[in-house]
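So you can see what is in the structure, the chains are spelled out below.
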2 protein chains.
Amino acid sequence: MEYIKTIYLKDDKLFILDQRLLPNEEKYIELKDEKDVYNAIKNLAIRGAPAIGICASYGVYISLLKYNYKNFTEFKTKSKEVINFIGSSRPTAYNLFYCLKRIENIINSTNEINEAINLIKSEAIKIHNEDLEKSEKIGENGLLILPNNPRIISHCNAGGLATGGGGTSLSIIYKAKEKNKNIFVYVDETRPLLQGSRLTAWELKKQNIPYQVITDNTAAFLMKMGFVDLILVGADRIAKNGDFANKIGTYSLAVNAHYHGIPFYTAAPISTFDFNIENGNQIPIEQRDKFEVIKFSDSIVAPIDSDVYNPAFDITPHNLITGIITEFGIIYPPFYENISNLIEKVWIK
Amino acid sequence: MEYIKTIYLKDDKLFILDQRLLPNEEKYIELKDEKDVYNAIKNLAIRGAPAIGICASYGVYISLLKYNYKNFTEFKTKSKEVINFIGSSRPTAYNLFYCLKRIENIINSTNEINEAINLIKSEAIKIHNEDLEKSEKIGENGLLILPNNPRIISHCNAGGLATGGGGTSLSIIYKAKEKNKNIFVYVDETRPLLQGSRLTAWELKKQNIPYQVITDNTAAFLMKMGFVDLILVGADRIAKNGDFANKIGTYSLAVNAHYHGIPFYTAAPISTFDFNIENGNQIPIEQRDKFEVIKFSDSIVAPIDSDVYNPAFDITPHNLITGIITEFGIIYPPFYENISNLIEKVWIK
């Protein structure tokens with residue numbers, strides 16, 4: 001299966017598919033420096049936790065190429081500045097910080113400017129390639145939990161557009177398609193920015209996977225009518241106890257899945273786990289602009305001076321999760337114990 | 001408190017505020033015949049279960065004025081035709097059928113054309129005035145269930161725009177405001193047609209009631225964080241056992257309220273009860289056009305050839321309801337018994 005090229009480096013130039021224009025236009029834009037990278041992430045030209053991490057890694061590389069340095073100390077100061085600046089673009093998705101930490105570690109492994117720059121480049125490419133592999137493995141591991149002829153609710157976009165490969169939760173759907181499984185996807189449109197209807201539906205269409213777009217309001221009623229076998233979402237940050245942040249609306253799906261006895265899975269690479277925090281209460285939640293809600297394209301859809309509460313993410317507690325599908329296998333409850341065990345086995349210090 | 005004039009008859013001409021243009025433009029349009037009335041209801045220039053009933057009643061009157069009749073038999077045939085046609089505009093809200101039945105009964109009470117036409121007019125005006133009174137009483141009765149400083153989630157629009165008075169569920173909020181209660185409303189935007197952000201926020205703004213607009217995705221997370229004391233919604237049709245149809249998304253709110261132990265009330269006049277049906281499974285649910293979901297104003301927000309599942313309503317079962325606030329008082333569980341008892345007392349045969 002051929003996946004979307006969401007991000008690529010060519011002749012030391014960084015290009016991304018501008019996701020703000022989808023599904024109407026497929027246009028690549030060049031990100032020329034750390035400001036471009038920061039804005040592209042902040043304004044959602046690129047989004048999705050793993051894709052943000054990849055973009056940030058390449059972003060440090062192309063940004064540091066632009067400057068001249070008197071010595072390694074100056075280079076190191078600049079690199080820290082660039083890393084911190086790009087890292088301040090969005091607060092919730094952990095992969096951003098995970099990837100920037102890897103880039104920082106690589107810089108700390110040398111004291112020579114050219115070598116550092118070459119190492120950053122190869123680390124960024126490695127992060128990208130690893131992510132492609134992780135997508136494949138998450139997809140394969142996820143096949144185990146699919147019933148026959150599954151009817152799946154997806155939320156936001158955790159597909160090729162959100163990663164370096166086929167996606168996290170959507171990768172499972174793509175693997176099922178490759179195996180000729182009979183799948184059907186209900187695509188939550190995912191207000192306010194419609195990553196479901198704009199991006200997930202666009203991906204599924206390209207891969208010839210049958211789907212229906214629904215308003216987020218419709219998901220619970222579909223569950224009640226017995227139309228749903230499984231909920232499958234991505235994750236932006238997972239705490240040590242399994243609580244996780246994901247696109248606003250995920251928590252409502254989890255509560256409804258629990259009430260209706262429907263399995264609820266999240267799919268994410270290990271780079272999404274934040275081992276500095278014990279539970280979901282410690283995950284910072286990004287608050288976004290009110291005009292995402294009260295304007296729509298050029299239309300005003302609420303009194304213009306309305307107050308708005310617009311968190312980009314919510315927290316789903318581990319007790320509502322059936323399992324977490326990672327590239328190393330599926331983690332089941334008790335999550336705190338099983339997450340610790342898996343991490344001890346696989347974590348690259 | 002002064003309410004919005006949603007619908008009025010002047011010199012035998014019928015005018016409605018075109019709700020499709022809100023919050024950007026306050027424009028009244030004239031409905032000249034049964035076709036206009038049918039289209040205004042079907043295309044949501046006027047909406048809200050009680051308001052639809054009032055509009056349909058006046059609609060029969062102004063439509064029947066336009067024709068010449070050879071005799072009463074011809075008049076009666078025409079009136080049946082007009083009533084059936086207007087009644088076919090939308091299938092779910094029961095008030096439409098309740099009001100048209102009253103108009104039909106009035107016609108059956110005479111055999112003289114002019115008298116019939118006069119009786120229809122006064123019955124339509126009576127229906128309108130009664131609705132204003134019902135709004136007041138629902139508002140007053142609802143005050144009993146408000147805690148101190150209540151933070152309320154509202155869904156869709158069950159305000160002045162949806163009735164002949166201050167509303168059903170919003171009427172309670174207006175009464176609380178009159179009593180100087182400290183209230184705060186979270187306004188579910190209510191996809192796909194945004195009756196929450198376009199209409200409810202507009203009404204609350206006019207009445208100086210503090211509110212925040214939220215995407216429907218955000219309601220459950222607010223409940224989890226302890227920000228919500230009460231859910232208050234309207235109803236389009238209520239079955240004998242208390243199951244009720246309301247705007248899509250209501251069911252999800254009810255499940256989430258149940259999970260979080262938050263009281264969940266619906267407010268509606270007795271004309272919303274359909275005593276022909278035992279439970280919610282028998283309520284017909286309107287399916288609406290896919291472009292309500294995949295187009296937004298002039299923007300395309302999903303692949304244009306996407307399949308869409310777009311029910312306008314869902315069914316909330318009685319076991320998730322704390323109480324039903326009517327003009328005659330609040331109905332509590334056991335609903336089947338208590339609905340029957342109330343109806344026996346108050347129903348006008």
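Residues numbered from 1 in each chain as written. Chains lettered and ligands numbered in written order. Predicted model: local features only at pLDDT ≥ 70, side-chain atom pairs only at ≥ 80, totals over all residues. Heavy atoms only, no water.

1. Considerations on the overall build of chain A
Threshold: Under the DSSP-based scheme used, a helix requires at least four consecutive residues in state H or I and a strand at least two consecutive residues in state E, with every element numbered from the N terminus. As defined in this context, the radius of gyration uses C-alpha atoms, and a globule is described by 2.2 Å times the residue total to the power 0.38. When checking whether two residues touch, look at their non-hydrogen atoms; a contact exists if any pair is within 4.5 Å. Surface accessibility in these figures is a Shrake-Rupley result with a 1.4 Å probe; residues are shielded only by whichever protein chains are displayed. Within this scheme the basic residues Lys and Arg register as positive and the acidic residues Asp and Glu register as negative, but His and the chain ends are omitted. Throughout, a charge is located at the NZ atom of Lys, the CZ atom of Arg, the CG atom of Asp or the CD atom of Glu.
Tallying secondary structure elements over chain A gives 11 helices and 16 strands in all. The globule rule puts the C-alpha radius of gyration for 349 residues at 20 Å, and the 20 Å found for chain A is close to it. Long-range pairs, those at least 24 residues apart, make up 75% of the contacts in chain A between residues at least 6 apart in sequence. Accessible surface, chain A as shown: approximately 13100 Å² in total, 47% of it carbon and sulfur. Separation of charge centres in chain A, based on 39 positive and 41 negative side chains, amounts to 2 Å.

2. Examining the interface of chain B and chain A
Note the threshold: Here the quantity called buried area is the total loss of accessible area, with a 1.4 Å probe, experienced by two parts when brought into contact, counted for both. Salt bridge, as applied in this entry: a Lys or Arg side-chain nitrogen positioned within 4 Å of an Asp or Glu carboxyl oxygen. We call Asp, Glu, Lys and Arg charged. Ala, Val, Leu, Ile, Met, Phe, Trp, Tyr, Cys and Pro are nonpolar, and the rest, Gly among them, are polar. Two strands form a pair only when DSSP identifies at least two bridges running between them.
Across the contact, 57 residues belong to chain B and 57 residues belong to chain A. In this assembly, chain B packs against chain A so that about 4600 Å² is buried in total across both faces, 60% of it on carbon and sulfur atoms. Together, Asn217(B), Phe221(B) and Tyr309(B) form the three largest contributors to the area buried by chain B at its contact with chain A, with a combined 16%. On the surface where chain B and chain A come into contact, there are 4 salt bridges. Put simply, the parts of the chain that give the side of chain B that touches chain A at least two residues each are helix H7 (195-206), strand S6 (211-214), helix H8 (219-224), helix H9 (250-260), strand S12 (299-300), strand S13 (307-308) and strand S14 (313-316) of chain B. For the side of chain B that touches chain A, the element with the highest residue contribution is H9(B), accounting for 7 residues. When grouped by side-chain class, the residues that make up the side of chain B that touches chain A number 31 nonpolar, 17 polar and 9 charged. Bridge count for strand S6 (residues 211-214) of chain A against S13(B) is 2 bridges, and the pairing is parallel.

3. A few points about the side chain of Lys134(B)
What counts here: Whether a residue is buried, partly exposed or exposed follows from its accessible area with a 1.4 Å probe, protein chains only, as a fraction of its type maximum: under 20%, in between, or over 50%, in that order.
Residue position: Lys134(B) is located in helix H5 (residues 113-142). No salt bridge is formed by the buried Lys134(B); its nearest oppositely charged neighbour, Glu130(B), is found at 4.3 Å.

4. Let's talk about the relation of the copies chain B and chain A
For the record, the criterion: Fitting of the copies onto one another was done by least squares over C-alpha atoms, counting residues only where both copies have pLDDT of at least 70.
For the pair chain B and chain A, the superposition axis carries a translation of 0.0 Å, the fit reaches an RMSD of 0.0 Å, and the rotation angle comes to 180°. Both chain copies can therefore be described as sitting about a two-fold axis. A share of 100% of the interface residues of chain B reappears at the interface of chain A, consistent with the copies meeting face to face through the same patch.

5. Quick notes on the confidence of the model for chain A
Our working definition: The predictor attaches a confidence to each residue, called pLDDT, with possible values from 0 through 100.
On average, residues of chain A carry a pLDDT of 96, and 99% of them reach 70 or more. Among the prediction metrics, the complex's ipTM stands at 0.95, with pTM recorded as 0.96.

6. Examining the packing of helix H4 (residues 94-108) of chain A against helix H5 (residues 113-143) of chain A
Residues and elements named next belong to chain A. Here is the rule: Lines fitted to C-alpha atoms define the axes, with helix axes restricted to the stretch in contact, and inter-axis angles between N-to-C directions lie between 0 and 180 degrees. For a crossing to be left-handed, the near helix must be turned anticlockwise from the far one by less than a right angle; the clockwise case is right-handed.
With their axes 9 Å apart at the nearest point, H4 and H5 run at an angle of 150° to one another. Classified by chirality, the crossing of H5 by H4 is right-handed. Facing H4, whose interface residues are Cys-99, Arg-102, Ile-103, Ile-106 and Ile-107, H5 presents Leu-119, Ile-120, Glu-123, Ala-124, Lys-126, Ile-127 and Glu-130. Classifying every residue of the contact of H4 with H5 gives 8 nonpolar, no polar and 4 charged.

7. Examining the pairing of strand S10 (residues 264-267) of chain A
Residue and element names in this part refer to chain A. Side chains of S10 alternate between two faces, with Phe-264 and Thr-266 and Tyr-265 and Ala-267 buried alike. The pairing of strand S7 (residues 230-233) with S10 spans 3 bridges and is classified as parallel. Among the inter-strand pairings, Val-233 is bridged to a residue of S10, identified as Thr-266. Pairing of S10 with strand S15 (residues 323-326) involves 3 bridges; the strand directions are parallel. Each bridged residue has a counterpart across the sheet, and for Thr-266 the counterpart in S15 is Ile-324.

8. Things to note about the nonpolar core
Basically, it comes down to this: Residues belong to one nonpolar core when they are buried, are Ala, Val, Leu, Ile, Met, Phe, Trp, Tyr or Cys, and are joined through side-chain atoms within 4.5 Å.
By size, the foremost hydrophobic cluster in this structure holds 64 residues, and its most contacted members are Ile231(A), Phe264(A), Ile231(B) and Phe264(B). Elements with a minimum of two residues in this core: helix H8 (219-224), S7, helix H9 (250-260) and helix H11 (335-346) of chain A together with H8, strand S7 (230-233), H9 and helix H11 (335-346) of chain B. Those residues in contact with Ile231(A) that sit more than four places away from it in its chain are Ile153(A), Met223(A), Leu253(A), Ala257(A), Ile262(A), Pro263(A), Phe264(A) and Tyr265(A).

9. Looking at the sheet that holds S7(B)
Pairing within the open sheet is mixed, and its 8 strands lie in the order S13(A)-S6(B)-S5(B)-S4(B)-S7(B)-S10(B)-S15(B)-S16(B). The open sheet is flanked by strand S13 (307-308) of chain A together with strand S16 (329-331) of chain B, the only strands paired with a single partner.

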